[in-house]
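# Per-entry structural report
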Amino acid sequence: MQLRGTGRANRRVGAATAVAATLLLTACGADGGTAAQGAAAAEPVPDIACADAGKVRGSGSSAQQNAMKRWIQQYRLACPGVEVAYNPLGSGAGVAQFQRGATAFGGTDQALSARDVKDSEQVCRGGRAIDLPMAGGPIAIGYHLPGVADLVLDAPTLARLFDSRITRWNDPSIQRLNPGTTLPDLPVVPVHRADDSGTTQNLTAYLRSAARSSWPYPAGKQWQAEGGQSGTGSDGVSAAVSQTEGAIGYFELSFAAKRKITTVRIATGASRPVAPSTESASLGIAEAKIADDGKDLALSLEYTTSAEGAYPIVLVTYEIVCDTGNRPETLPALKSFLAYTAGEEGQRQLPAIHYAPLPESVASQVRQVIGTLS
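Residues numbered from 1 in each chain as written. Predicted model: local features only at pLDDT ≥ 70, side-chain atom pairs only at ≥ 80, totals over all residues. Heavy atoms only, no water.

## As for the packing of aromatic side chains
In the structure shown here, the tally under the stated rule is nine aromatic pairs. An angle of 40° between the planes, with centres 6.2 Å apart, marks the rings of Y75 and Y340 as tilted. Of this pair, Y75 sits in helix α2 (residues 65–78) while Y340 sits in helix α11 (residues 331–342), and the two are 265 residues apart along the sequence. Residue Y340 is classed as buried on the basis of its relative accessible area, which comes to 4%. Taken together, the aromatic side chains of Y75, Y86, F105, F337 and Y340 make up a single cluster linked through ring pairs. (Phe/Tyr/Trp six-rings, centres within 6.5 Å; stacked < 30°, edge-to-face > 60°. Helix = DSSP H or I, 4+ residues; strand = E, 2+ residues; numbered from the N terminus. Buried < 20%, exposed > 50% of the residue type's maximum accessible area, 1.4 Å probe, protein only.)

The following block contains the structure:
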């Protein structure tokens, strides 16, 4: 893997591109992926070990869309010779595109299944696909209720809302959780993902674990409950919620912040209901364990935590790559970009855009595995 030196040399290259330039995120290629073509004005140039050149295309999870935008922006400041593109098609599409060799990496919010790993052997010649956790965060429950600035819900109530079994916002079960709040007599409009989604997988895993008697469906990437509206990607769901009175939906916290959507506090059994934040998500993720003992670093999450301050509806978003059998023409740039995202500088970018950085104990293992990719 041929890398340019880090530090002063890279800073000189990046500084030349940064003067009075604005980052452009443009469609790249027929798949409409997002690629950074310029540099943001006055951005400090990160210290990155850059590949000499290359094109790295990825697609998948819309949960990591905003993190990818920031990472691509920062990476291009230091490594203008490398083109990185990411298309937020959803986790299911990201895995499918990777498996047919259309991308160098896929983004997913749910670890690969045994079938996914088996199918990956066709593209990972002599190896298999592995999961590399790259960022964490809360799945926010956003709502659109005029006059209601604070709302508390618990897992069984959320399950019935998303299953269209609570149909009015002034339902007694919601009122009991919100004494003193005047709830409007509005119809509930649940909004879910239309596409296969790791965000859906994690939300339904939470509902299945924490509200088993109220949520009759299995955890999965495809939405199973009846009724409601749908949107494509977290962007589509958050747009629908922001535009529809009475709506409730689920998406990563960065999308709630972007559209100024009010979010639910979750009653978990702790002394106080917990709001979604990078800090509360980190507490929720803290008890996760690496499920395998090899290069695959999928995490096993605990959705039923009642620890003080721990937000229970969390996800970890992964990049999937071949452990062996990556294309030689993309491998140096792929390793360089992923080493940056899992590194101190890449992880440092995350809290400002509402993601939770990986615990260093996990991030160090991710960097170690990236160094062995071939």
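## Details of the pairing of strand β5 (residues 105–108)
Neither face of β5 is open: one carries F105 and G107, the other G106 and T108, and all of them are buried. Bridge count for strand β3 (residues 54–60) against β5 is three bridges, and the pairing is parallel. Opposite G58, over in β5, you have F105 as the bridge partner. Taken together, the three bridges between β5 and strand β15 (residues 314–322) define a ladder with antiparallel strand orientation. Pairing of T108 across the sheet is with Y318, part of β15. (Pairing = 2+ DSSP bridges.)

## Observations regarding the state of the cysteines
Counted by the stated rule, this structure contains two disulfides. Note that C50 is cross-linked by a disulfide to C79, the S-S spacing being 1.9 Å. Disulfide C50-C79: torsion about the S-S bond near -75°, hence left-handed. Of this pair, C50 sits in the loop between β2 (33–36) and β3 while C79 sits in the loop between α2 and β4 (82–87), placing them 29 residues apart in sequence. (Disulfide = S-S within 2.5 Å.)

## Overview of the pattern of salt bridges
Across all of its chains, the model carries twelve salt bridges by this definition. Linking R348 and E345 is a salt bridge whose minimum nitrogen-to-oxygen distance equals 2.6 Å. With R348 and E345 both in helix α12 (residues 344–348) and three residues apart, this pair spans about one turn of that helix. By relative accessible area, which is 53% here, R348 ends up exposed. A salt bridge links R367 to E360, with the shortest nitrogen-to-oxygen separation between them at 2.5 Å. A cluster of three or more residues bridged by salt bridges with shared partners is formed by D235, K258 and R259. (Salt bridge = Lys/Arg side-chain N within 4 Å of Asp/Glu carboxyl O.)

## Thoughts on the packing of α2 against α11
The N-to-C vectors of α2 and α11 enclose an angle of 115°; their axes lie 10 Å apart at closest approach. The pairing of α2 with α11 is recorded here as roughly perpendicular in orientation. α11 is crossed by α2, and the crossing has right-handed handedness. Of the residues in α11, those in contact with M68, W71, I72, Q74 and Y75 of α2 are A333, S336, F337, Y340 and T341. Of the residues that constitute the contact of α2 with α11, the class distribution is seven nonpolar, three polar and no charged. (Axes fitted to C-alpha atoms, helices over the stretch in contact; angles between N-to-C directions. Parallel < 35°, antiparallel > 145°, perpendicular 65-115°, else oblique. Left-handed = near helix turned anticlockwise from the far one by under 90°. Contact = heavy atoms within 4.5 Å. Nonpolar A, V, L, I, M, F, W, Y, C, P; charged D, E, K, R; others polar.)

## So, the nonpolar core
Of all hydrophobic cores here, the largest spans 46 residues; its most connected members are I141 and L158. Elements that contribute at least two residues to this core include exactly β6 (129–143), α5 (155–162), α7 (198–210), β10 (247–252), α10 (278–285) and β15. No other element matches α5, which puts five residues into this core. Once residues within four sequence positions are removed from consideration, L158 is found in contact with I141, L153, Y206, L207, I248, I266 and I313. (Core = buried A, V, L, I, M, F, W, Y, C linked by side-chain atoms within 4.5 Å.)

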